[in-house]
Amino acid sequence: MNRIPPAPLVRLSLEALDVHINRLRDTMILVLDERGLITNYNACFQRRSGYSRQGLMGCGAEHIFESQSFEQLVVAGYGFRRDPGEDAGTLSSLTLTGADGTRITVTAFVLHAETEAGMQSVLMLRELGEASGPNLLERLGETMLMDEETGVILLRSDSRIMDISQLACQVLNVEAASALEEPVGGFFEQRGREYELIRHTLAEGVPVRNHPFTWLRGDERREMLMDVGLLRGPSGMAEGAYVIFKDVTNLRSLEQQVQRSDRLSMIGQIAAGAAHEIRNPLTAIRGFLQMFRKTMTDKGMVKEAGYTEIMLTELDRINSLVGEFLLLSKPKNILYDHVDVVQVLQDLMPMISSEALLHNVVVDWAVETGAKPVLADREMLKQVFLNICKNGIEAMANGGILTIKGRCAIEEGRPMVTIEVQDTGDGIPEAMLEKIFDPFVTTKPSGTGLGLSVCQRIIHEFGGTIRALNRKEGALFIIALPCI
Ligand SMILES: Nc1ncnc2c1ncn2[C@@H]1O[C@H](COP(=O)(O)OP(=O)(O)OP(=O)(O)O)[C@@H](O)[C@H]1O
Ligand SMILES: [Mg+2]
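Residues numbered from 1 in each chain as written. Chains lettered and ligands numbered in written order. Predicted model: local features only at pLDDT ≥ 70, side-chain atom pairs only at ≥ 80, totals over all residues. Heavy atoms only, no water.

Here the focus is helix α1 (residues 14-23). Listed in full, the buried residues belonging to α1 are A16, L17, H20, I21 and R23. Seen end-on, α1 carries its buried residues on one side only, within an arc spanning 155°. (Buried < 20%, exposed > 50% of the residue type's maximum accessible area, 1.4 Å probe, protein only. Helix = DSSP H or I, 4+ residues; strand = E, 2+ residues; numbered from the N terminus. Arc of directions from axis to C-beta.)

Spelled out as structure tokens, the structure:
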């Protein structure tokens, strides 16, 4: 048998499926479940086949189709195979028997619908000899109207709704049944701007392309694009219009990420440029200060020598800050090595514990040993873990528990070392969650806001990921690094 293209898959509820199949008045439709039992059919099918409702519902397809046709259906996997991507599409010359014994020969076009009652196969049957010209277009229309991912409204030229898909119903917050044949304006009260565009298209014929608007689906904010265009008859006269809503939320967030990383790399470059310029004079100042200190100490000017000491310490602080700026743009001189992440954490433990003790924080250590090594710079990884743990400790002003977990697991087929650091503080303010890895974002009076952006830069450099989440109590940072 020829390989036939896969059947399209749509997702919708049984109720919506019922509405859709009954809306198609001139196409016979039969719905089968995965066992091949008839779960629904439309009026057109009943009319043509002559069966009564009792005779059809729950009846096996083998009782309706002739045995050869039924076999063809089974072989092609219509309705009886789980994977809708295989061997499905269009089957020609199937014969079924009507209630009075007449033989009806049809072509079947199949859609797979994922419903709450499992996969359903929607067989659109067209009798041989029926005009075949517009079929493909009709199928396109049918498929789009049944697809839950696209919102479609078909309008008559007097702006009444001829058909409306489920997603469009959700966006407009209406029931399909109550919207049909009603003027479209009544359903756009909350969307004045969009309605204006539709009206403009109907009146002037000007198409609308990619008009953006947002839609709140429950608590979720969805980014939509709207297209509106006229549908013209053979004479060129407008016979109606279509409105299409496309959900582009994922695309939008990708775009925002790209913009953000562009912005960040620009900040990084500026910071690095400025840092270089600052560092050179600092080196000169440091050298002269050291000279002063020595001279003053030699001359017994103890107080003045002490001042130079303070100046030197402050200079070192500026230097390390400038070092972080440089790291932001590009970590330099990376010493790649096979690093045991658990060992790195263990080496840091004394430092973390003493910092924790100072802040009345208990460290809960649950790191599995025996993880595979990662390819990274040991000192840089230390800097990352110290920064994250320091943030955690600082977030618990009145003491608490800092939990450090480590494990090695296969993720998406790759072995990864995952380190989790959780505190019992107040968590990260929701409004900040998205940007805490941006440089200079801080809520601390003396913070630089560079800690986390440097951490992210370093982890990305080693092919890993770093994420921040809020838990019921406190914040959780998850770092994952690929093992060698
Ligand atoms: N564990 C945490 N709990 C709550 N908020 C956090 C936590 N970690 C980071 N933050 C928030 O993210 C901000 C940015 O952190 P980041 O480490 O980049 O800078 P910082 O800690 O403010 O400054 P610096 O690291 O220079 O001391 C912090 O100011 C804080 O508001
Ligand atoms: Mg910090």
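Next up on the list: the packing of helix α12 (residues 378-394) against helix α13 (residues 451-461). Across the interface, α12 lies against α13 with an axial gap of 9 Å and an inter-helix angle of 145°. As for how α12 packs across α13, the hand of that crossing is left-handed. Residues M380, L381, Q383, V384, N387, I388 and N391 of α12 touch α13, and the partners they reach there are G451, L452, V454, C455, I458 and I459. Looking at the contact of α12 with α13 residue by residue, the classes come out as 9 nonpolar, 4 polar and no charged. (Axes fitted to C-alpha atoms, helices over the stretch in contact; angles between N-to-C directions. Left-handed = near helix turned anticlockwise from the far one by under 90°. Contact = heavy atoms within 4.5 Å. Nonpolar A, V, L, I, M, F, W, Y, C, P; charged D, E, K, R; others polar.)

You can read the domains of the chain as domain 1 (1-131), domain 2 (149-247), domain 3 (253-329) and domain 4 (337-482). Here the C-alpha centre of domain 4 lies 25 Å away from the C-alpha centre of domain 3. Taken over both partners, the interface formed by domain 3 and domain 4 buries close to 1000 Å², and the fraction arising from carbon and sulfur atoms is 64%. Our count for the contact surface shared by domain 3 and domain 4 stands at 0 salt bridges. Where domain 3 touches domain 4, the interface holds 0 residue pairs in polar contact (both at pLDDT 80 or more). Going through the elements one at a time, α9 (249-298) and α10 (302-329) are the ones with two or more residues in the side of domain 3 that touches domain 4. Per-element accounting of the side of domain 3 that touches domain 4 gives the leading share, 6 residues, to α10. (Domains from an automatic or database assignment. Buried area = accessible area lost by both parts, 1.4 Å probe. Salt bridge = Lys/Arg side-chain N within 4 Å of Asp/Glu carboxyl O. Polar contact = N/O pair within 3.5 Å; in protein donor to acceptor, adjacent residues only side chain to side chain.)

Now for the nonpolar core. Membership of the largest hydrophobic core comes to 45 residues, with the highest contact counts inside it found for L381, F385, I388, L402 and F477. Core analysis: the second largest hydrophobic core is formed by 27 residues, V171, A176, A179 and A241 among them. (Core = buried A, V, L, I, M, F, W, Y, C linked by side-chain atoms within 4.5 Å.)

Here we take up a negative patch on the surface. Taken together, E15, D18, E116 and E175 make up a surface patch of like negative charges. For E175, the location among the structural elements is in the loop between α6 (166-172) and α7 (176-179). (Patch = residues over 30% accessible without salt bridge, like charges linked within 9 Å, V, L, I, M, F, W, Y side chains within 5 Å. Areas by Shrake-Rupley, 256 points an atom, 1.4 Å probe, with all protein chains shown as cover. Lys, Arg positive; Asp, Glu negative; His and termini not counted. Charge placed at Lys NZ, Arg CZ, Asp CG, Glu CD.)

Further remarks concern the sheet that holds strand β18 (residues 475-482). Pairing in this open sheet of 5 strands is mixed, and the strands run β13-β15-β16-β18-β17 from one edge to the other. Two strands close off the open sheet at either side, each with one partner strand: β13 (361-367) and β17 (465-470). If you compare each strand with its neighbour and ignore which way they point, the axes differ by 15° on average. Bridge count between strand β16 (residues 414-422) and β18: 7 bridges; the pairing is antiparallel. Residue pairing in the sheet places V421 in a bridge with F477 of β18. Across the sheet, α12 is in contact with β13, β15 (400-411), β16, β17 and β18; its angle to β18 comes to roughly 170°. (Pairing = 2+ DSSP bridges.)

Let us look at the site of ligand 1. Not every one of the 20 residues close to ligand 1 is listed here, only the nearest: D423, T442, T443, K444 and T448. Within the contact set of ligand 1, an oxygen atom lies 2.7 Å away from a side-chain nitrogen or oxygen of K444. Contact between ligand 1 and T448: an oxygen atom at 2.5 Å from a side-chain N or O atom of the residue. Within the complex, 92% of the 600 Å² of free accessible area of ligand 1 lies under protein. Looking at the shell around ligand 1, the elements that each hand over two or more residues are α12, α13 and β18. Sorting elements by how many residues they give to the shell around ligand 1 places α12 first, with 3 residues. Among the residues making up the shell around ligand 1, the classes are represented as 8 nonpolar, 9 polar and 3 charged. (Near = heavy atom within 4 Å.)

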